[in-house]
Amino acid sequence: MANTFKVKVNGGPELAVDATEGTLLEALEKHQLEMHYHCRSGFCGACRSTLKSGTVRYTTEPLAYVRKGDILPCCCVPESDLDIEH
Amino acid sequence: MSYSTFNQEQNNPLTEPMFLGNSVNVARYDQQKHSIFEKLIEKQISFFWRPEEIDVSRDRIDFNKLTASEKHVFISNLKYQTLLDSIQGRSPNIALLPIVSLPELETWIETWSFFETIHSRSYTHILRNLFSDPSEVFEDIVINEQIKIRANDISKYYDDLIFYTQLLQTHGEGDIVVDGKTYTVTQREIKKKLFLCINSVNALEAIRFYVSFACTFAFAERELMEGNAKIIKLIARDENVHLTSTQHILNLWQYGEDDPEMKEIAEELRGDAYEIFMTAVKQEKQWAHYLFKDGSMIGLNESMLCQYVEYIANLRMQAIGFDAPFENQRSNPLPWMNKYLVSDNVQVAPQESEITSYLVGQIDSEVNASDLGDFDL
C-alpha cells in the first residue's frame, strides 16, 4: 500500500504505519510502544523524537519548538520509511 | 536610555532583537519577526477559563476524610503553587516588559502573566471552599522555610535583572554607586542576567509545578478532590503553553535566530543554565521529601515522585539542547499522569461543569411557523 511505511524506533524491528490512520504517535501506540506525550496536539513538545532518516508531514502545525533533526509524532504522519529515536 | 511608553524612534520591528533593542512603540501584528509568539497568544486565549466555572464543593467532604499526612500533602502543594503563580503573575511583566522589543512578544508576555493571575485566583477559589478562613494557609507562605528556599531561588534571577534594568534605564551604562555599593552596568551584563532569568523561568515552568500536579492527580485517581483536579488540569495545560514560550526564546538565542550576542552568551553560560535546571531538580526532590515526611499516600510515595522529576527533567532538558541527565529514568514511572495532561481531554464548557448560573437567563431561540399562527395583519 502506498500509504504504509516502515518505521523503526530506537533500533527496534520495523513497524508498519499507515499514514492515513491517525498520527505517528497513535500508530506507534497501536504497536504497544511506550510513548512520551502530554498535550497530543503539538504545543507542549513532550513527544519530541529524533528523526534519523526519512521525512514526515505535519497534520497540525507544531507550536512547540522543533529543534533541528527532531519531530513531534503527536502531530505528524510519515511520508517515507522512518528511523527514529524516541 | 530611559524607558518610553511610546518610543518615537522610527524603527523596524523586524530587525529588532527580542529584548534590549528599541522599546516597542506600535502594537502591530501585520508583520512579525517571530510569529510563533502570536500563535501562542491565540492558543492561550483559546484556553480561557474561569475558576468559578468549576464546582469544588464536593472537595470539602473529601478533604475532611483525608488523613493528617494527606492533608499536609494537599495543603503544602497548594501553598507552593500559590507562591509560584504569585511570582509568575507579576514577574514576566515587571522584568521583561521594560526590555522587550517585539510587539508580538510583548503581547505574549502580557497574555502569559494574565493567565497566571487566573491560576492565583483559582487557588483562593479552592481554599475558600475548604476553609471558612483560609488566611492561615496564605500567611504561612511567607513563613514556611521549605517554601522560602524555593521562593528565593526563583525570585533572585528576576530581581537581579529588574534591578540592573532599572540602573540602565535611569543611569545608562557605567559604574553606578547605590547605597555605597558599585554596580557595573553594561548592556552585555544585563543580557547575561536576562539569559539566566529565562533559564530559571523555563525550569520553573518545566518541572517545578509537576510534583504538586502529580499529587493532585494521584488524589483524583482515587476519586478524591476531583474539583481541585479539574482546575489543576486546566492550569497544567496553560503551563505547557508557557513552557513552550520559554523554550522558544532559549532555542532562538541558541540557534542564532535572534540577537547574535545572545548566541554568544548562551554558549558562554551554558554551564550555568545546566546548573539552574539541576538545582530545580534537586529542590523538587527535597520538596517531595518534605511532602511525605509524615507518611505517603496511596499510589504515590517519595521515591516515585523523585523518579518522575528525573523523567520529566530528561524531556525538558533535551528540549533546550542538553543531553538527558538521568539516563536510567527514560520511562514514565507515573503513566496515569498523562491522561490529565492531554489537552483534548480538558473540558471547559460551562454546561459540563454543572454550574447553575449557566442556565439562568437561557431562552429558547427556535422559531417555528406555528409560533406566528395567531398573528394578524
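Everything below is about the structure printed above this text.
Everything numeric in this text was worked out from a predicted model, so none of it was measured.

**Side note on the overall build of chain B**
Consideration 1: Across its full length, chain B carries 13 helices and two strands.
Consideration 2: Over its C-alpha atoms chain B spans a radius of gyration of 23 Å, differing by no more than 12% from the 21 Å that the globule rule assigns to 377 residues.
Consideration 3: C-alpha atoms of chain B, sized along the principal axes, occupy 75 × 75 × 40 Å.
Consideration 4: Expressed as a percentage of its 377 residues, the buried residues of chain B come to 55%.
Consideration 5: Relative to all contacts within chain B whose residues are 6 or more apart in sequence, the contacts with residues 24 or more apart total 78%.
Consideration 6: Roughly 16,800 Å² of accessible area belongs to chain B as shown, and the carbon and sulfur atoms make up 49% of that amount.
Consideration 7: Charge separation in chain B, taken as the distance between the mean sites of 34 positive and 57 negative side-chain charges, equals 6 Å.

**Describing the interface of chain B and chain A**
Consideration 1: Listed per partner, the contact involves 34 residues of chain B and 18 residues of chain A.
Consideration 2: Taken over both partners, the interface formed by chain B and chain A buries close to 2,200 Å², and the fraction arising from carbon and sulfur atoms is 53%.
Consideration 3: It is Tyr 255, Leu 315 and Asn 338 of chain B in chain B that bury the most area against chain A; as a group they hold 22% of the surface buried on that side.
Consideration 4: If you look at where chain B meets chain A, you find two salt bridges.
Consideration 5: Where Glu 257 of chain B meets Lys 68 of chain A, a salt bridge forms, and the shortest distance between an N and an O atom there is 3.7 Å.
Consideration 6: Where chain B packs against chain A, one counts 13 residue pairs in polar contact (both at pLDDT 80 or more).
Consideration 7: Contributions of two or more residues to the side of chain B that touches chain A are made by helix H1 (36–46), helix H9 (226–254), helix H12 (302–318) and helix H13 (337–341) of chain B.
Consideration 8: If you tally residues by element for the side of chain B that touches chain A, the top one is H9 of chain B, at nine residues.
Consideration 9: For the side of chain B that touches chain A, the residue count by class is 15 nonpolar, twelve polar and seven charged.

**Brief notes about the sheet that holds strand S3 (residues 49–53) of chain A**
Residue and element names in this part refer to chain A.
Consideration 1: Sheet architecture is open: five strands sit in the order S2-S1-S7-S3-S5, paired in mixed fashion. Two strands in the sheet have a free side with no partner beyond their single neighbour: strand S2 (14–18) and strand S5 (70–71).
Consideration 2: Pairing between S3 and strand S7 (residues 82–85): three bridges, direction antiparallel. Within the sheet, the bridge partner assigned to Leu 51 lies in S7 and is Ile 84.

**Overview of empty space enclosed by the protein**
Residue and element names in this part refer to chain B.
Consideration 1: In this structure the tally under the stated criterion is two cavities of 30 Å³ or more.
Consideration 2: In this structure, the largest cavity encloses a volume near 60 Å³.
Consideration 3: Around the largest cavity sit Phe 74, Asn 77, Leu 78, Gln 81, Cys 215, Thr 216, Phe 219, Asn 228 and Ile 232, which together line it.
Consideration 4: Of all the secondary-structure elements, those providing two or more residues to the lining of the largest cavity are helix H3 (68–96), helix H8 (210–221) and H9.
Consideration 5: Per-element tally for the lining of the largest cavity: the top contributor is H3, with four residues.
Consideration 6: Partitioning the lining of the largest cavity into residue classes produces five nonpolar, four polar and no charged.
Consideration 7: Residue lining of the second largest cavity: Asn 11, Pro 13, Asn 22, Ser 23, Val 24, Asn 25, Val 26, Ser 101 and Pro 103, and that is the complete set.
Consideration 8: Classifying every residue of the lining of the second largest cavity by side-chain character gives four nonpolar, five polar and no charged.

**Details of a nonpolar patch on the surface**
Consideration 1: Residues Val 367, Leu 372 and Phe 375 of chain B make up a contiguous nonpolar surface patch of roughly 350 Å² in combined accessible area.
Consideration 2: Examined against the element boundaries, Val 367 of chain B turns out to sit in the segment after H13.

**Some points on helix H6 (residues 145–171) of chain B**
Consideration 1: Helix length check: H6 of chain B, at 27 residues, gives a terminal C-alpha distance of 37 Å against a target of 39 Å (1.5 Å per residue), a fit within 8%.
Consideration 2: Two residues or fewer past H6 of chain B, Gly 172 of chain B is found with a positive phi of approximately 80°.

**Examining unusual backbone geometry**
Consideration 1: A positive phi angle, close to 65°, is found at Gln 32 of chain A, a residue other than glycine.
Consideration 2: Summarising the element assignment, Gln 32 of chain A is placed in the loop between helix H1 (24–30) and S3.
Consideration 3: In this model, Asp 179 of chain B sits at a positive phi of 50°, which is unusual for a non-glycine residue.
Consideration 4: Summarising the element assignment, Asp 179 of chain B is placed in the loop between strand S1 (174–178) and strand S2 (181–185).

**A few points about the packing of aromatic side chains**
Consideration 1: In this structure the tally under the stated criterion is 22 aromatic pairs over all chains.
Consideration 2: Measuring from centroid to centroid gives 5.5 Å for Phe 114 of chain B and Phe 115 of chain B, while their planes differ by 80°, and the two rings are edge-to-face.
Consideration 3: Accessibility expressed as a relative area gives 42% for Phe 114 of chain B, which makes it partly exposed.
Consideration 4: Residues Tyr 274 of chain B and Phe 322 of chain B carry aromatic rings whose centres are separated by 5.4 Å and whose planes lie at 65° to one another, so their mutual orientation is edge-to-face. Here Phe 322 of chain B lies in the loop between H12 and H13 and Tyr 274 of chain B lies in helix H11 (residues 270–291), a separation of 48 residues in the sequence.
Consideration 5: A relative accessible area of 28% means that Tyr 274 of chain B is categorised as partly exposed.
Consideration 6: What links up through ring pairs into an aromatic cluster is the set Phe 209, Tyr 210, Phe 213, Phe 217 and Tyr 340 of chain B.
Consideration 7: Directly above the aromatic system of Tyr 255 of chain B lies the positively charged group of Lys 68 of chain A, at a separation of 3.7 Å from the ring centroid.
Consideration 8: Between Lys 193 of chain B and the ring centre of Tyr 164 of chain B, over which it is positioned, the NZ or CZ distance is 4.3 Å.

Rules of the game
Residues numbered from 1 in each chain as written. Chains lettered and ligands numbered in written order. Predicted model: local features only at pLDDT ≥ 70, side-chain atom pairs only at ≥ 80, totals over all residues. Heavy atoms only, no water. Helix = DSSP H or I, 4+ residues; strand = E, 2+ residues; numbered from the N terminus. Rg over C-alpha atoms; globule rule 2.2 N^0.38 Å. Buried < 20%, exposed > 50% of the residue type's maximum accessible area, 1.4 Å probe, protein only. Contact = heavy atoms within 4.5 Å. Areas by Shrake-Rupley, 256 points an atom, 1.4 Å probe, with all protein chains shown as cover. Lys, Arg positive; Asp, Glu negative; His and termini not counted. Charge placed at Lys NZ, Arg CZ, Asp CG, Glu CD. Buried area = accessible area lost by both parts, 1.4 Å probe. Salt bridge = Lys/Arg side-chain N within 4 Å of Asp/Glu carboxyl O. Polar contact = N/O pair within 3.5 Å; in protein donor to acceptor, adjacent residues only side chain to side chain. Nonpolar A, V, L, I, M, F, W, Y, C, P; charged D, E, K, R; others polar. Pairing = 2+ DSSP bridges. 1 Å grid on protein atoms, 1.4 Å probe; cavity = no way out; pocket = protein on both sides within 12 Å on 5 of 7 lines; lining within 4 Å. Points joined across faces, edges and corners; volume = space filled by probe spheres on them. Patch = residues over 30% accessible without salt bridge, like charges linked within 9 Å, V, L, I, M, F, W, Y side chains within 5 Å. Expected span 1.5 Å × (residues − 1). Phe/Tyr/Trp six-rings, centres within 6.5 Å; stacked < 30°, edge-to-face > 60°. Lys NZ or Arg CZ within 6 Å of the ring centre and 35° of its normal.

Without other data, these values stay purely geometric and don't point to any function.
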